[in-house]
Amino acid sequence: MEQNLQHTISLLTRTPAALNALLRDLPETWTLQNEGGSTWNVFDIVGHLIHGERTDWMQRARIILQFGEAQTFTSFDRLGHAREHQGKSLTQLLDEFAGVRLDNLEELRALNLQPEDLRRRGQHPALGVVTLSELLATWAAHDLTHLHQISRVMAHQYREAVGPWSKYLGVLQCAGHSSS
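Residues numbered from 1 in each chain as written. Predicted model: local features only at pLDDT ≥ 70, side-chain atom pairs only at ≥ 80, totals over all residues. Heavy atoms only, no water.

Caption draft 1: Local environment of a nonpolar patch on the surface. Taken together, the side chains of W165, Y168, L169 and V171 make up a nonpolar region of the molecular surface, amounting to roughly 460 Å² of accessible area. Along the chain, W165 falls in the loop between helix 8 (132–156) and helix 9 (170–173). (Patch = residues over 30% accessible without salt bridge, like charges linked within 9 Å, V, L, I, M, F, W, Y side chains within 5 Å. Areas by Shrake-Rupley, 256 points an atom, 1.4 Å probe, with all protein chains shown as cover. Salt bridge = Lys/Arg side-chain N within 4 Å of Asp/Glu carboxyl O. Helix = DSSP H or I, 4+ residues; strand = E, 2+ residues; numbered from the N terminus.)

As structure tokens, then:
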């Protein structure tokens, strides 16, 4: 499936509500536990999503539209969220994410992007040349990656409690990509 701007916006619009429905007012045992070691917990993941909203998606879209390949994107600090969410509650993070996502989607819609705009190219510091269409598709897939990660991290809390059913629960069999 090729990236379709309206479909992408439709998905991106729903992520804050999905997170809110799943996470708001849950006991911290669900949201502050991770999968062990230096893996992320739910709180970290929501913080990471906020950091991406502030420093990645629309900023890179603007660079592509204004400078094309002449200006390389700033490298994304995957751990930048750690500074931003210190001292905040998950409720505050959910509200903040909803607000910054709304602002970004309003800006994206206001660009009134045309097919030729989506083919415009930019320079990623590690991947090289990318198109605006690829960036926008990645934004949506990134949301889905972290929704999956959240469900996996939360299910991990019951890995022992489910007993023999664990072999039938795919979410408990999935491994990796905890901090990406």
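Caption draft 2: A look at the nonpolar core. Among the nonpolar cores identified, the biggest contains 20 residues, and L5, L108, L113, L132, L135, L136 and W139 are the most heavily contacted of them. Elements that contribute at least two residues to this core include exactly helix 1 (5–23), helix 4 (57–67), helix 6 (90–110) and helix 8. Those residues within four positions of W139 in sequence are excluded, and the remaining contacts are L12, E53, W57, M58, R101, N104, L105 and L108. W40, V46, I150 and M154 belong to the second largest nonpolar core, which has 16 residues in total. (Core = buried A, V, L, I, M, F, W, Y, C linked by side-chain atoms within 4.5 Å. Buried < 20%, exposed > 50% of the residue type's maximum accessible area, 1.4 Å probe, protein only. Contact = heavy atoms within 4.5 Å.)

Caption draft 3: Representation of the packing of helix 1 against helix 6 within the structure. Two elements in contact, helix 1 and helix 6, have axes whose closest approach is 10 Å; the angle formed by their N-to-C orientations is 170°. In terms of axis orientation, helix 1 runs roughly antiparallel to helix 6. Touching L5, I9, L12, T13, T15, P16, L19, N20 and L23 of helix 1 are L90, L94, F97, A98, R101, L105, L108 and R109, all from helix 6. A class-by-class count of the residues in the contact of helix 1 with helix 6 yields 12 nonpolar, 3 polar and 2 charged. (Axes fitted to C-alpha atoms, helices over the stretch in contact; angles between N-to-C directions. Parallel < 35°, antiparallel > 145°, perpendicular 65-115°, else oblique. Nonpolar A, V, L, I, M, F, W, Y, C, P; charged D, E, K, R; others polar.)

Caption draft 4: Spotlight on the pairing of strand 1 (residues 121–124). By the alternation rule, side chains of strand 1 split into G122 and H124, which are all buried, and R121 and Q123, of which none is buried. Two strands pair when backbone bridges link them, and strand 1 and strand 2 (residues 128–131) are joined in this way by 4 bridges, in the antiparallel orientation. Within strand 2, the position partnered with R121 by the bridge is T131. Between the antiparallel neighbours strand 1 and strand 2 lie 3 residues. (Pairing = 2+ DSSP bridges.)

Caption draft 5: Geometry of the environment of I150. Structurally, I150 can be placed in helix 8. I150 gets classed as buried once you look at its relative accessible area, which sits at 0%. With 23 residues separating them along the chain, I150 and L127 place their C-alpha atoms 26 Å apart. When near neighbours in sequence (up to four residues on either side) are disregarded, I150 contacts L19, L22, L23, V42 and I45.

Caption draft 6: How the structure looks around the environment of R54. By the element assignment, R54 lies in helix 3 (residues 42–55). Accessibility expressed as a relative area gives 39% for R54, which makes it partly exposed. C-alpha separation for the pair R54 and L111, spaced 57 residues apart in sequence, amounts to 18 Å. Setting aside anything within four residues of it in sequence, one finds R54 in contact with Q59, E84, E96 and V100. Looking at R54, its side chain comes within polar contact range of the side chain of E96, at 2.7 Å. (Polar contact = N/O pair within 3.5 Å; in protein donor to acceptor, adjacent residues only side chain to side chain.)

Caption draft 7: Spotlight on helix 6. The terminal C-alpha atoms of helix 6 lie 30 Å apart, and with 21 residues this matches the ideal 30 Å at 1.5 Å per residue to within 8%. By the burial criterion, the buried members of helix 6 are L90, L93, L94, E96, F97, V100, R101, N104, L105 and L108. On an axial view of helix 6, the arc spanned by its buried residues comes to 160°, and they lie on one face. Taken together, the buried residues of helix 6 touch helix 1, helix 2 (28–31), helix 3, helix 4 and helix 8. (Expected span 1.5 Å × (residues − 1). Arc of directions from axis to C-beta.)

Caption draft 8: Focus on the packing of aromatic side chains. Within this structure, the stated rule accounts for 2 aromatic pairs. Taken together, a centroid distance of 6.0 Å and an interplanar angle of 10° make the contact between W57 and W139 stacked. Linking W57 in helix 4 with W139 in helix 8, this pair joins segments that are 82 residues apart in sequence. Of the two residues, W57 and W139, neither departs from the other in class, the shared state being buried. (Phe/Tyr/Trp six-rings, centres within 6.5 Å; stacked < 30°, edge-to-face > 60°.)

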